[in-house]
Amino acid sequence: FYAPNTTWNQRNNGPTFMGVDIARTNDLSVFVVFEKLDDVYFMRHLQCLKNARFDEQEQVFEHLFRTYSVQNVCIDRTGIGSQFFERAQTKFGTYCVEGVSFTSKLKEELAYKLKSTFNRYAMRIPRDEALISDLLSVQWEQTHLTAQHSNNGHADRFWAMALALYADRKPTVQPFKTELFLAPK
């Protein structure tokens, strides 16, 4: 966790990764941005929306993508997230915006990476009761992962965090500098 009274959303110019879990009515839409510094992931932004229209969610996405200069993003494209993903990919590019379809196997892989990152003390998150509750809500039951549904969502923060970590599995693309392409004088 971040130390008390720490300004946790201040960026230090490391590569940034975003995870997005989309919802419309019953669950939360969650946007998480991590900055990676020396193999440690620092949460720089956590935003939850309840009953937000899709155009509002797209505005939040675009603002975060630009504000944090996000290198790669993974969006849950299962169900209603598919159109959101397609629109984001059209606007920001196929390389840095990836749609992820949740399967049992992939959810297990995502959960394992998130848990192992915590166990290695390679993640800093704010002390937020709802966030911690989400992290603790995901449980392994016999053959699959489950999460209790509550007024606070359905482990939506957990999955957005896991998606942000998953976005870091491929090389990042640094914005190119236009002066590299100027004609000689």
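Throughout this document, residue positions are counted from 1 along each chain, in the order its sequence is written. Side-chain atom pairs in this predicted model are given and counted only at pLDDT of 80 or more, local residue features only at pLDDT of at least 70, and totals for whole chains, interfaces and linings cover all residues. Excluded from the side-chain calculations are hydrogens and water; all other atoms, namely the structure's heavy atoms, are used.

Draft legend 1. Structural view of the pairing of strand β3 (residues 40-50). Should DSSP find at least two bridges between two strands, the strands are taken to pair. Strands here mean DSSP runs of E at least two residues long; helices mean DSSP runs of H or I at least four residues long; both are numbered from the N terminus. Where strand β2 (residues 28-37) and β3 come together, 10 bridges link them in antiparallel fashion. Each bridged residue has a counterpart across the sheet, and for Leu 28 the counterpart in β3 is Lys 50. Where β2 hands over to β3, the hairpin turn is made up of two residues, of which Asp 38 adopts a positive phi near 50°. Alignment of β3 against strand β6 (residues 123-124), held across two bridges, turns out to be parallel. Looking at the pairing, Phe 42 lines up with Arg 124 of β6.

Draft legend 2. Summary view of the environment of Asp 134. Following the sequence through the fold, Asp 134 ends up in helix α4 (residues 129-137). N or O atoms closer than or at 3.5 Å make up a polar contact, with two conditions inside protein: a donor-capable atom paired with an acceptor-capable one, and, for residues adjacent in sequence, both atoms drawn from side chains. Of note is the side chain of Asp 134, whose polar atom sits 3.2 Å from the backbone nitrogen of Asp 156.

Draft legend 3. Structural detail: the packing of aromatic side chains. Pairing of aromatic rings covers Phe, Tyr and Trp, the last counted by its six-membered ring, and requires centre-to-centre distances within 6.5 Å; plane angles under 30 degrees mean stacked, over 60 mean edge-to-face, and any other angle means tilted. What the rule picks out here adds up to 10 aromatic pairs. Look at Phe 61 and Phe 84: their rings are 5.7 Å apart centre to centre, the planes differ by 85°, and that puts the pair in the edge-to-face class. A residue pair is termed long-range when its members are at least 10 positions apart, and Phe 61 in helix α1 (residues 54-67) and Phe 84 in helix α2 (residues 81-92) qualify at 23 residues. Taken individually, Phe 61 and Phe 84 each receive the classification buried, so the pair is uniform in this respect. Look at Phe 102 and Trp 159: their rings are 5.5 Å apart centre to centre, the planes differ by 55°, and that puts the pair in the tilted class. In this pair, Phe 102 sits in the loop between β5 (97-100) and α3 (104-119) while Trp 159 sits in helix α5 (residues 156-166), placing the two residues 57 residues apart along the sequence. An identical accessibility class is assigned to Phe 102 and Trp 159; each is buried. Taken together through their ring pairs, the aromatic side chains of Phe 31, Phe 61, Phe 65, Phe 84 and Phe 92 make up a single cluster. The rule for a charge over a ring is simple: NZ of Lys or CZ of Arg within 6 Å of the ring centre, and within 35 degrees of the ring normal. Here the basic side chain of Arg 169 rests over the ring of Tyr 166, its NZ or CZ set 3.7 Å away from the ring centre. Think of it in three bands: residues with accessible area under 20% of the maximum for their type are buried, residues over 50% are exposed, and the middle band is partly exposed, with areas taken using a 1.4 Å probe on protein chains only.

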